[in-house]
Amino acid sequence: MADPAVLKQLRETLSGLETGGFRRRPALPFGIGAIDSRLADGGLRLDALHEIAGGGSDMADDCAATLFMAGIAARAWGPVLWVVRRRDLFAPGLAQVGLEHKRLIYAEAADDAELLAIMEEGLRHRGLGAVIGEARRADMTATRRLQLAAEGGRTIALLMKRHAREGSDPLRVPSAAVTRWRVACAPSSPLPVAGVGRARWRLTLVRQKGGEGFEQLVEACDATGRCALPAALGHRKAAAGGADRQAA
């Protein structure tokens, strides 16, 4: 059971948030036709639960999944509640994908049960743009409660399912989430010009209500929280050649 004192403090924090002035929209699009056109709602439903897991148990995929969630939250309206079990979030990294610290409210939970209770409380408040949590275990009952808490509002719920152990599948357990994603790091093409390019992710939509799953290679979120389709290497070479001619 969640600590009543923790929930009381959260309610007092949320009560001071402004809730007016925003027009509700049904979904948050990625702005990428290859993805939005294959999502049943044309984007991520705002009044729904979405699950995200790293493609593997290594730290790189874990970070990619975290930044994927942060980019989504960055494009949502208003304050963001992020509930954690451990203090491993890197604020400058979140800011690089558009999620500024001024929008963040952090809550630390003692266990998964308390984490899920705090997420539910945040969703029912209706004054947040996004509620994010990171748990190892969340069964059908727990995810259904989150989905019901989100329905009818304008707060997107993002639940990161961490790998309990190497080789395990955190998305194997049935869930009430509207979409379930895997995010894995993908090799980046070598750049023909000096500089560092954006990292690449392989997004896998494992399941969605009202549609089919798919896989898409994207460039990682930029400073506005938006992913992009990888530019063709040939186009990059052409651009580099033009730059060389101008320099000459």
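What comes next concerns the included structure. (Residues numbered from 1 in each chain as written. Predicted model: local features only at pLDDT ≥ 70, side-chain atom pairs only at ≥ 80, totals over all residues. Heavy atoms only, no water.)

**Remarks on the packing of aromatic side chains**
In this structure the tally under the stated criterion is five aromatic pairs. Between Phe68 and Trp201 the ring centres are 6.3 Å apart and the planes differ by 85 degrees, which places this aromatic pair in the edge-to-face class. One end of the pair, Phe68, is in helix α3 (residues 59–75); the other, Trp201, is in strand β9 (residues 200–208), with 133 residues separating them in the sequence. Taken as a pair, Phe68 and Trp201 share a single burial class, namely buried. With a centroid separation of 6.2 Å and 90 degrees between ring planes, the pair formed by Trp181 and Phe214 is classed as edge-to-face. Of this pair, Trp181 sits in strand β8 (residues 179–186) while Phe214 is found in strand β10 (residues 214–219), placing the two residues 33 residues apart along the sequence. (Phe/Tyr/Trp six-rings, centres within 6.5 Å; stacked < 30°, edge-to-face > 60°. Helix = DSSP H or I, 4+ residues; strand = E, 2+ residues; numbered from the N terminus. Buried < 20%, exposed > 50% of the residue type's maximum accessible area, 1.4 Å probe, protein only.)

**So, the environment of Ala135**
Take Ala135: it is sitting in strand β6 (residues 130–135). Looking at Ala135, the relative accessible area reads 1%, which means it is buried. In sequence terms Ala135 and Ala113 are 22 residues apart; their C-alpha atoms lie 9.0 Å from each other. In this structure, Ala135 is in contact with Asp112, Leu115, Leu159, Met160, Lys161 and Arg162, ignoring residues within four places of it in sequence. (Contact = heavy atoms within 4.5 Å.)

**Let's talk about the packing of helix α5 (residues 112–125) against helix α6 (residues 140–150)**
Put simply, α5 and α6 touch, their axes get as near as 8 Å, and they point 15 degrees apart. Taken together, the axes of α5 and α6 are roughly parallel relative to one another. Classified by chirality, the crossing of α6 by α5 is left-handed. Between α5, through Leu116, Met119, Glu120, Leu123 and Arg124, and α6, the contact on the second element is made entirely by Ala142, Arg145, Leu146, Ala149 and Ala150. (Axes fitted to C-alpha atoms, helices over the stretch in contact; angles between N-to-C directions. Parallel < 35°, antiparallel > 145°, perpendicular 65-115°, else oblique. Left-handed = near helix turned anticlockwise from the far one by under 90°.)

**Here's the deal with the sheet that holds β8**
Spatially, eight strands are ordered β5-β4-β6-β7-β3-β8-β9-β10 in an open sheet, and the strand pairing comes out mixed. Edge positions in the open sheet fall to β5 (104–108) and β10, since each of these has one partner strand only. Each strand of the sheet is rotated relative to its neighbour by a mean of 20 degrees, with strand direction disregarded. In this sheet, β8 lies alongside strand β3 (residues 49–54) in parallel orientation, the contact comprising five bridges. Following the sheet pairing, Ala53 is matched in β8 by Arg182. Sheet contacts for α6: β3 and β7 (156–161); angle to β3, the most-contacted strand, approximately 130 degrees. (Pairing = 2+ DSSP bridges.)

**Remarks on the pairing of β8**
Here is the key point about a regular strand: its side chains alternate between the two faces of the sheet. The buried fraction of β8 is high, at six of eight residues. The sheet contact formed by β8 and β9 spans eight bridges and is antiparallel. Bridge pairing in β9 places Arg180 opposite Arg207.

**Considerations on a positive patch on the surface**
Together, Arg136, Arg137, Arg165 and Arg172 make up a positively charged patch on the protein surface. With respect to the secondary-structure elements, Arg165 resides in the loop between β7 and β8. The exposed category is assigned to Arg165, whose relative accessible area is 60%. (Patch = residues over 30% accessible without salt bridge, like charges linked within 9 Å, V, L, I, M, F, W, Y side chains within 5 Å. Areas by Shrake-Rupley, 256 points an atom, 1.4 Å probe, with all protein chains shown as cover. Salt bridge = Lys/Arg side-chain N within 4 Å of Asp/Glu carboxyl O. Lys, Arg positive; Asp, Glu negative; His and termini not counted. Charge placed at Lys NZ, Arg CZ, Asp CG, Glu CD.)

**Digging into the pattern of salt bridges**
Counting across every chain of the model gives 14 salt bridges. Linking Asp47 and Arg45 is a salt bridge whose minimum nitrogen-to-oxygen distance equals 3.1 Å. By relative accessible area, which is 22% here, Arg45 ends up partly exposed. A salt bridge links Asp169 to Arg182, with the nearest nitrogen and oxygen atoms 2.8 Å apart.

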